[in-house]
Each structure stands twice: as structure tokens, then as C-alpha cells.
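# Structural characterization, general
The primary structure of each chain is shown beneath.
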Amino acid sequence: MKPTIERTKKMIDEILEVYPEKTRKERERHLKPNDPTGECASGCQIKSNVKSRPGVMTTRGCAYAGSKGVVWGPVKDVVHVSHGPVGCGQYSWWSRRNYCNGTAGIDSFATMQITSDFLERDIVFGGDKKLQQLCLEVKEMFPLAKGISVQSECPIGLIGDDIEAVTKKMTKQLGIPVIPVRCEGFRGVSQSLGHHIANDAIRDHVLGKNKPERTTDYDVNLIGDYNIGGDGWASRKILEGMGLRVLAQWSGDATINELAIAPSARLNVIHCYRSMNYICRHMEDSYSIPWVEYNFFGPTKTYQSIRKIASYFDDSVKEKAEQMIATHKPMMDKVIEHYRARLEGKTVMLYVGGLRPRHVIGAYEDLGMEVIATGYEFGHSDDYKRTYPEMKEASVIYDDVTPYEMEELTRRLRPDLVGAGVKEKYAYHKLGVPFRQMHSWDYSGPYHGFDGFAVFARDMDMTVNSPTWNLIRRKK
Amino acid sequence: MKVTDHNELFKGQDYLRQFEAKREFELPCSTQEISSMMEYSKGKEYMEKNFARSALTINPAKACQPLGAMLCACGFENTMNFVQGSQGCVAYFRSHLSRHFKEPVAAVSSSMTEDAAVFGGLNNMLEGLENTYSLYKPAMIAMSTTCMAEVIGDDLNAYIKQAKEKGCIPQDMLVPFAHTPSFVGSHITGYDNMLKGILSAMTPEKNQERPGAAKNQERPGAVKKAQPTGKINIIPGFDTYTGNIREVKRLLSLMGVSHTVLADTSDAMDSPNTGKYMLYPGGTPLEEAKAAINAKATISLQKFATVKTGEFIREVWGHDFNALPTPIGIRRTDEFLDAISALSGRAIPAAIEDERGRAVDAMIDSHPYIHGKRFAMVGDPDLMLGLISFVMEMGGEPVHVVSTNGDKHFEADAYELLASSPYGANAKPSDCKERSRVYPGKDMWHLRSLMFNDPVDLLIGNSYTKFLWRDTGTPLIRIGFPLFDRHHLHRYPIIGYKGVINLVTWMVNTVLEEMDRKSINGPNFDVIR
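Please read all numbers here as calculations on a predicted model, not as lab measurements.

### Details of the environment of Ser286(A)
Residue and element names in this part refer to chain A. Among the secondary structure elements, Ser286 is positioned in helix H12 (residues 273-287). Take Ser286: its relative accessible area is 45%, and that puts it in the partly exposed class. Between the alpha carbons of Ser286 and Cys135 there is a distance of 32 Å; along the sequence they are 151 residues apart.

Next comes the structure, spelled out in C-alpha cells:
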């Protein structure tokens, strides 16, 4: 039976019945049947970026995760100090796979867990002295570090430490930027505020502090690519192939200098809108640099995006863009031909963060698959507005979806593949539903660009069609 | 269809050219700077500075309290972990445990944000408990805290009482709690606090009057202290090997000793695939846990993860509590089985004796490859003691022993153990040039300096020690927590005689693989070793 908005609505209502009334009413605003027109006469606009309900399992993280884990962590030549107790840094230690070149512990620090390891006395007496001493020791241990970022954990803001004063003093004394980031985990409702805080810290302490030796009319910044499994490199390859010059990679495999020289670019091209739109808007306002969103997942979207980006430049870029597409199309067609035969008609349910809940839809469609449900961990209304037209009518869209809701939706929608994170992964293995981690690419990748698409297609195929699922002897 | 992923893709000329060209914008260090810094970082002067650090921690081998509390509570039947504080922490704990066990881990938080920072977390807890109860229908809700709730001073006991008075959860709901500040101790402390909290909540009021009792725990449905059941309680501690817990249960069953494992994480962290997702697979049955007070004795297999729990059992439960050395290696397994035999009056059966014989046989077979080998090791204090003992039994020499969450008691125990064998002899704290030295409170960056300045043959540690493997070229045997980059190791026991065989296998084959690598183009590329 073809889903209609009414039928989907009814299904959602049934799922939510189990909640206490207050929670049910609240959750109801976060799960809706899709109306691709986005007009939502049927009341399908998703409520987002509000607090998760206490006691209801959520996959969401915190502001620290958004700053240290996402935006700052990949900046490789800066020592990122997890300032506070040991846990936050321990759990986020090199878990995001934002690849970078360099020598760990010498000129690159992205794979390390560096912390002030707060003890009780630091909570009681304050941690400012310790932070100052720590900065001196960072300089001793890592003299080639190009900066220090202080990633605040919950207690810092609660005990009233003045990290701004310490970092200001240390910046002077050490001759490298020491940057305070107020990303305490209790701020905001998810990772999202952490992205914003981190963007603001870059804006205030790094942006525009240096200039490239020369500039050209083809200078761009590659924004919102964290180089997971090498995504950023696969994307950069396309941009360079179009004749563009990438000044800065934000922030996968980035150095602090790249962030500093970024305002010299002519255009910002942004992949993860959610986590990096702030800096693009700032550069637009302050440096008159336009920005354009793009999508390098799957050939269809990649071709469109290449042309869209090229449209900001002269004919030489447009020509190279067309050549680039023409060169890669035969290979992309081959990938599609091979994998489409194995994946045609399969349905997908997604629950991810950032840009992926909408950006990967096209890549699945290239393989003949259909995304029947999608949603964001920490999206805002502008993310959802960009999502409605990408999804079919009466498909399901959700926000901060709970494991219970996901399991119920899975039972009713029977997707052939689910893409979410590590906290969901093993529950789906137990359920016997093919599952891929769509945050870390399940330790594979890259998935971006021409080089990434074949990897994406191979991975989806191996999981959807793995013979292991058929071995499960199901308990009634 | 041939697909090139990150394993090969970025070695291609196109990418190498891209990386080289990107340097124009990076303001990179010169190769000269990098190589001289690399050399400097391996030297004596750097080591001195490294050991002079007082504020900076680099690559520590410890996590924080609530992680341990969560693992503990996962080991009880139908129990939901509820963490009072920020939600991001819980996302981290769940991911961390899932990455190691490759299992789903359920936990909720009270999602406290700025307003809770100002007004306290009471409202979050009330709504949170109501939601948790109605959604997940747990039989027990085990509550721990993040540092946020600790810093603002949330009073768990008072809040839980209010939640019951207001009807958010039933009056008779079991809600043990533990304050688990991340800035005190480590994950093993959190395990200890949570286990004490749970056992305390299951203990009747009149038994709590004794000194040392956790006075404030709510204890509905606690079992009264009665005649001893003759059972033995086993506390595994913060044990991340599900294989260990299954092994203990198997050994005790073979001996015919009736027992209760507190907390039994073996099924929770290794549940069968049946096409069904269970929120609470396995765990110690609550009725059995409640009756644990009437056991003959309680044995802990991790001294440093059960300090407070031990005090509680001795003083409040009033029965024998004995923290035995973790049964890693032959002698410690002997000691464990002897203790169980003495306590239960059951003889050690021939089947177990045979297992011992096989384990010893394996050690003898492999000893030439381990004897005289120098080891560096890093991990939790109880694990380190077990591995020191086992390595010395094989004729190996523990040279650098680092335990970020080890304290001075651990240090004393470790030196005593090292001094007991010629393979650890001369282990004196003052004598750093002598064979063995123990480093409580130090991190893996300290260990890096140690391994460069006093190289060893083999390294033992968790997945993060692969950076030391890479930097120093020392072959690595992955033992400990977390193990993220190898699959299924945690399913194998490392305790008991079976554990001995696993340890010997991993160790000797690591040595043999290294020999193959080193002799790959030589005449001694032997096919029989």
C-alpha cells in the first residue's frame, strides 16, 4: 500500500502512544510525514534544535563534542587541550577518523588525547593556575605546535574559571595563539551549539591573521569537510581538477594557517552547512565572500555541484568542469551498472548528523535505492527545509529520534538498510537488519567525490547482501 | 569490481601530488625541523622534561567514573543506567563501550543544560525518571552522575525520594545510586561506587546500622539477613573480558560451587543474535543479588576496583570479603581455585587439574620465545599485577609498568610482586636503571620516553598503544581496555588456565610474526618454530 501523509501520520501516532502525555506531545512535534513542497499544510514541519527529553534515550552529544570532536579536533598542528576531567577527551580520542598528514606528537596532534585531567583540588581551588602551567608544558613537549586550543568541559564554566585571562597571557608569553573555547557540555541542546562556539572562536582568534603569498581569481575554501576516511582529499581533488585553488580545508587535515588565510578566497564552498555556515556567513558579511552549498555524494549530485560551483567562475573553469565530468562519467556509470543490479529497489532508513541525512539521498538514488525515512541528531529548521524536497511524499522525517522510535519505525517500514551511528549499530545487528555507520563510514571511506562513490556503493552492497544476515535463527 | 578505498587510494601519485601542493597553504614545519624534533623527542633531555610535567596529561590510560558505574549496572537484570547530568557524557559512555564490546549499550541521561546549572537538576531527574520508567520498564534504575551534577551539588538521595513521593516512579522501585565525580579516581572507582550503591540498596535497613553503611540508600524489597546460603559471591570488577566472567562461572560450576556473580556482564556485553534486540540481556538476577548478603563469603577478582564495596561487605553484610589477586597466570589461578576450594569444601576436580596441565604444557612449549624478553605494559592496576605475575612465570621481564589510575598501594603491591621473582628482582623505585620499574599515575607519553631510552622487546596494552608500537617499533600484544582495533579479543578469557593458553598464544605468536617479518629475506625464514 502506497504511503499517504495520513497513513504515515497514523503510524507515527501509534508509535508515540507509549509515552507519558507530556513527552508524547513533545515528541509528536519531531516526527512527521514528509510534504516535499515544504508548505506543510498538513502540519508536517519538524520541530528541531530543542532540548531532548530527560530520561529518554538520545544519541545526541554535547557542545564539547561539537567543538573539540568536530570543528577544532581535526586542525592538526594545534594542540587541543580537553580542559577538565579526563573522560571527555578519552571518549573522543581519535574516534572520528578525520585523517591528516603529519607526524603525530611532533607537528601533528589530531590523534592524541591531551588533557588537564582535573582532580578534586582543581574543582575546589579552580583550574586557572593548572591551565597556565599546562600551556608552558605544551610548549616544552610540543615546540612545533602552532597553537593551543582550550576546549572547556562542563566544570570550567560551573566553577567560574577565567580561561580567557590565562589564554591571553599565554598567547603573549608563548608566541603562539592560545585560544579559549567555551564549549562546556551543558551549553545548548546538542553538538550544534559547540559548532557555533567553535566557529566563533576561529573567527575571533584566527581568521584573517595571515595572508597567502599570492592570490588568484580561482581561490576557494573547502568548508565543512572533516576528511573522514579521506573525504576532504577526494573533494579537493575535484576542486583542483576544475582549476580552482583551495586555500583552506575546514577543518579536516587543516592547519591553523589555512584558517588564518581563508578570507583571501573568492568563494567559500560548503559541504556541511550545519556545522560551518556560521563562518561562511561571517566571511560574507565582513569580507564579501559569497558561499555556495554543494553535495559530493553520488555522481548525480556531484555533477550538479561541480556545475554550480563552476558557475561562479569564468569559462576556463566551466570548461574544465565539463571535462572533469566527461572524464569521470564512464567510470561512474560502470559503478552504477555493477551495483545497481544488486541494490535496485532496496529501501534505506537514515539517522545521522550534520549534512548526511539529506546529502546522501542522491547517492542512494544513483544506486536505485530509496530513502524512506531520515532525520537529524542536531539539525535546525533550515536543515529540514532543505530536506523536505529531497524526500518523497509521506516518507518519514524525524528529529532527535529515540532508539525506541527507530526500532518501531524499522518494524513497520521494514527498510533493507539502516544508516546511523555506533550506538545504534549493534542493536540493528541483533535485530538482523543490515546496518552501516554513516558517521565514520564504518571505518571505510572515503565516500565523497568520484573516488568515494565506488567505495560507498561497494560498502552498501556488501552489507545489504551479506550472507551473514540469513544465518540468524530468529526467536519468535 | 575493483574498488580502491582509503587503504590504497591515498598512496596514488595524484594524491601524493595533492598533499605536496597543499603545503603551500599549510605553513608547515620543514622536514629538517620535524626530523630533528623527532630525534630530540626520543632522547634523555626530553624524557626529563616529560617526567617533570605537573599539569599536562598526554595519552592517559584511564577513563572516568561514570563509565565504570555503567558497566557495573549493565551486569544486573533488567537494569537501566540513568546518568544525572549532561547528555553528551552518556553518548560518549555508550559509544565507548559499544566500540569495545561490539554490543548495544542502553543508558539514559537527565539531559541537564544551562537552566539546570542554575537551578539544579531536580526537575530533570523527576521528568527523567518518569520517562525512563514508562518507556523502558526497568526493574531497577541505577543512577550515577556526570561531573556537572557533582559540581552543582545535586543530592541524588533527596531527589530520588521526591521522585517517589511525586509518583514519577513507584515507591517500591529499586533506584540505587552512586555519586561518580569524573574528577576523582577513574572508571574503576566508578565501578566500585556503583556496586556498593547497588548492594547497599538491596540490604535491609537494620543491617545498615553498622558503621560504614551507606545510610541513605532507599532499599525496597531488600532481603533480610538470614542463615548463610552457602553460596559464594564473585565480583569480577571492571572486567572488560566477557570471556573471563564465563570462565569463572564455568570453573565454579565444574567444582560444584554454587555462586552468584555480582555484576554479571557476560550476557549483557555478549548477547546471542536471535533477530531480536533485547534492552536488558542477561545480568545477575535481582532476587539472587538481594540474597547475596546471605552468602558464605564474597570474593573480588579486582582489589582496586572493589575497595569501598569490600569495606561495605565486611562491615554491613558481616561476611568474609577477600580480594584475591586477579587469577591471571598459573599461580594466581591456583590461588583462586585453592581459595574457592577452602571456602566451599569442594575439591578441585580432575578436569580442572587437566586444564592446568595443558596450560603449563603450553607455557613450556613456548617458553624459548618469551624467556628473557623485556616487556613494557600499561593498563588498570589489577590487570597489571596479573600480567606482571604471568610474564615472570614465563621467564619474561616486566621492565616498564605504567598504570595511569594506579595509586601508591598498587605501586607497593607491584614492587612486592616483582621482588618475588628473579625476573623482576632489583625492582626498587629508587633504582630506575635496574630492571623493572613501576609508574603509577603516569601516561602513555611517559611510556614513550621510557621505551625510547630503555627499549623493550614486547609491549602490552590497549588499542591506543598502537601509537607506541608505531613510534618505537615494539611488537604489541593487545590486552586491556579499550580494544577497538581488533575484533573479538574480549570474548576470550585471560583468567584461569584457559586464559593462560590464550595469553601464551597471543604472546608467542606476536613474537613469531615479528621474527617472520624480520627474517623475511633472510636464510632464517623458518617454517618450523
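### Quick notes on the pairing of strand E2 (residues 78-83) of chain A
Residue and element names in this part refer to chain A. When you tally the buried positions in E2, you get six out of six residues, the bulk of the element. On E2, burial covers both faces: Val78, His80 and Ser82 on one face and Val79, Val81 and His83 on the other are all buried. Pairing analysis gives six bridges linking E2 to strand E4 (residues 147-152), with the strands arranged parallel. Note that in E4 the partner of Val78 across the bridge is Gly147. Across two bridges, E2 lies against strand E3 (residues 114-115) in parallel orientation. Counted as the bridge partner of Val81 is Ile114 from E3.

### Quick notes on the pattern of salt bridges
Residue and element names in this part refer to chain A. If you walk through the whole model with that rule in mind, you get 75 salt bridges over all chains. With a closest N to O distance of 2.9 Å, Asp442 and Lys425 form a salt bridge. With a gap of 17 residues between them, Asp442 in the loop between strand E14 (435-437) and helix H20 (449-464) and Lys425 in helix H19 (residues 422-431) connect regions that are remote in the sequence. Pair check on accessibility: Asp442 and Lys425 agree, each one buried.

### Points about the domain arrangement of chain A
Residue and element names in this part refer to chain A. The domain architecture assigned to chain A consists of domain 1 (63-188) and domain 2 (219-320). The C-alpha centroid of domain 2 is placed 28 Å from the C-alpha centroid of domain 1. Contact with domain 1, which involves 16 residues of that partner, is made by 15 residues of domain 2. For the pair domain 1 and domain 2, the two sides together bury roughly 1,300 Å², of which 63% comes from carbon and sulfur. Taken together, domain 1 and domain 2 are joined by one salt bridge. Among the salt bridges present, the one from Lys76 reaches Asp253, with a minimum N-O distance of 2.7 Å. The interface formed by domain 1 and domain 2 contains seven residue pairs in polar contact (both at pLDDT 80 or more).

### Considerations on unusual backbone geometry
Here Trp250(A) and Ser251(A) are connected by a cis peptide whose omega angle stands at -15 degrees. Within the element layout of this structure, Ser251(A) appears in strand E7 (residues 245-251). Along the chain, Leu262(B) connects to Ala263(B) via a cis peptide bond; the corresponding omega equals -5 degrees. In this fold, Ala263(B) is placed in the loop between strand E6 (259-261) and helix H12 (286-290). At Arg414(A), a residue that is not glycine, the phi angle is positive and equals roughly 45 degrees. Within the secondary structure, Arg414(A) is located in the loop between helix H18 (403-413) and strand E13 (417-420).

### Considerations on the sheet that holds strand E2 (residues 79-84) of chain B
In any sheet, the strands associate via hydrogen bonds between backbone groups, in a parallel or an antiparallel arrangement. Residues and elements named next belong to chain B. Spatially, the three strands line up as an open sheet ordered E3-E2-E4, and their pairing is parallel. This sheet does not close on itself; its edge strands, each paired only once, are strand E3 (108-109) and strand E4 (140-145). Sitting on the sheet, helix H4 (residues 65-74) is in contact with E2 and E4, with an inclination near 160 degrees to E2.

### A closer look at the environment of Lys76(A)
By the element assignment, Lys76(A) lies in the loop between helix H3 (63-72) and E2. When the C-alpha positions of Lys76(A) and Asp107(A) are compared, they lie 7.8 Å apart, and in sequence the two are 31 residues distant. Apart from the residues lying within four places of it in its own chain, the contact partners of Lys76(A) are Cys100(A), Asn101(A), Asp107(A), Ser108(A), Phe109(A), Ala110(A), Asp253(A), Ala254(A), Thr255(A), Lys22(B) and Glu26(B). A distance of 3.0 Å separates the side chain of Lys76(A) from the backbone oxygen of Asn101(A), its partner in a polar contact.

### A word on helix H10 (residues 231-241) of chain A
Residue and element names in this part refer to chain A. Of all eleven residues making up H10, eight are buried, and the element is well covered by its neighbours. All buried positions along H10 are accounted for by Asp231, Gly232, Trp233, Ala234, Ser235, Arg236, Ile238 and Leu239. Once H10 finishes, Gly243 follows within two positions and takes phi at roughly 90 degrees, a positive value.

### Here we look at the nonpolar core
Soluble globular proteins tend to pack their nonpolar side chains together in the buried interior. Grouped together as the largest cluster of nonpolar side chains are 205 residues, with contacts concentrated most on Met242(A), Trp250(A), Ile309(A) and Tyr364(A). Looking at this core, you find at least three residues from each of domain 1 (63-188) and domain 2 (219-320) of chain A. Excluding its chain neighbours within four sequence positions, the residues that come into contact with Ile309(A) are Leu239(A), Met242(A), Leu244(A), Leu267(A), Val269(A), Val292(A), Tyr294(A) and Phe296(A). Among the nonpolar cores identified, the runner-up in size contains 47 residues, and Met406(A), Leu409(A), Leu135(B) and Tyr277(B) belong to it.

### Focus: the packing of H4(B) against helix H10 (residues 187-201) of chain B
All names here are of chain B. Closest axis-to-axis distance for the H4/H10 pair is 6 Å, and the angle between their directions is 45 degrees. Overall, the two elements H4 and H10 adopt an arrangement that is oblique. For the crossing formed where H4 meets H10, the hand is right-handed. For the pair formed by H4 and H10, the contact residues are Gln65, Leu67, Gly68, Ala69, Cys72 and Ala73 on the first element and His187, Thr189, Gly190, Tyr191, Asn193, Met194, Leu195 and Ile198 on the second. Residue composition of the contact of H4 with H10, by class: eight nonpolar, six polar and no charged.

### Let's talk about the interface of chain B and chain A
For an interface, size is often stated in terms of accessible area lost upon the parts coming together. Contact residues are listed per partner, giving 98 residues for chain B and 119 residues for chain A. A buried area of about 9,100 Å², summed over both sides, lies between chain B and chain A, and 62% of it is on carbon and sulfur atoms. Taken as a group, Met1(B), Phe25(B) and Tyr92(B) account for 9% of the area that chain B buries against chain A, more than any other trio of residues on that side. Taken together, chain B and chain A are joined by 13 salt bridges. The interface formed by chain B and chain A includes 44 residue pairs in polar contact (both at pLDDT 80 or more). Per element, the largest residue contribution to the side of chain B that touches chain A is ten residues, and it comes from helix H5 (residues 87-101) of chain B. Among the residues forming the side of chain B that touches chain A, the class breakdown is 49 nonpolar, 28 polar and 21 charged. Of the strand pairs in this sheet, E3(A) and strand E1 (residues 57-58) of chain B are connected by two bridges, and their pairing is antiparallel. Along E1(B), the bridge assignment pairs Ile114(A) with Ile58(B).

The rules behind these values
Residues numbered from 1 in each chain as written. Chains lettered and ligands numbered in written order. Predicted model: local features only at pLDDT ≥ 70, side-chain atom pairs only at ≥ 80, totals over all residues. Heavy atoms only, no water. Helix = DSSP H or I, 4+ residues; strand = E, 2+ residues; numbered from the N terminus. Buried < 20%, exposed > 50% of the residue type's maximum accessible area, 1.4 Å probe, protein only. Pairing = 2+ DSSP bridges. Salt bridge = Lys/Arg side-chain N within 4 Å of Asp/Glu carboxyl O. Domains from an automatic or database assignment. Contact = heavy atoms within 4.5 Å. Buried area = accessible area lost by both parts, 1.4 Å probe. Polar contact = N/O pair within 3.5 Å; in protein donor to acceptor, adjacent residues only side chain to side chain. Axes fitted to C-alpha atoms, helices over the stretch in contact; angles between N-to-C directions. Core = buried A, V, L, I, M, F, W, Y, C linked by side-chain atoms within 4.5 Å. Parallel < 35°, antiparallel > 145°, perpendicular 65-115°, else oblique. Left-handed = near helix turned anticlockwise from the far one by under 90°. Nonpolar A, V, L, I, M, F, W, Y, C, P; charged D, E, K, R; others polar.

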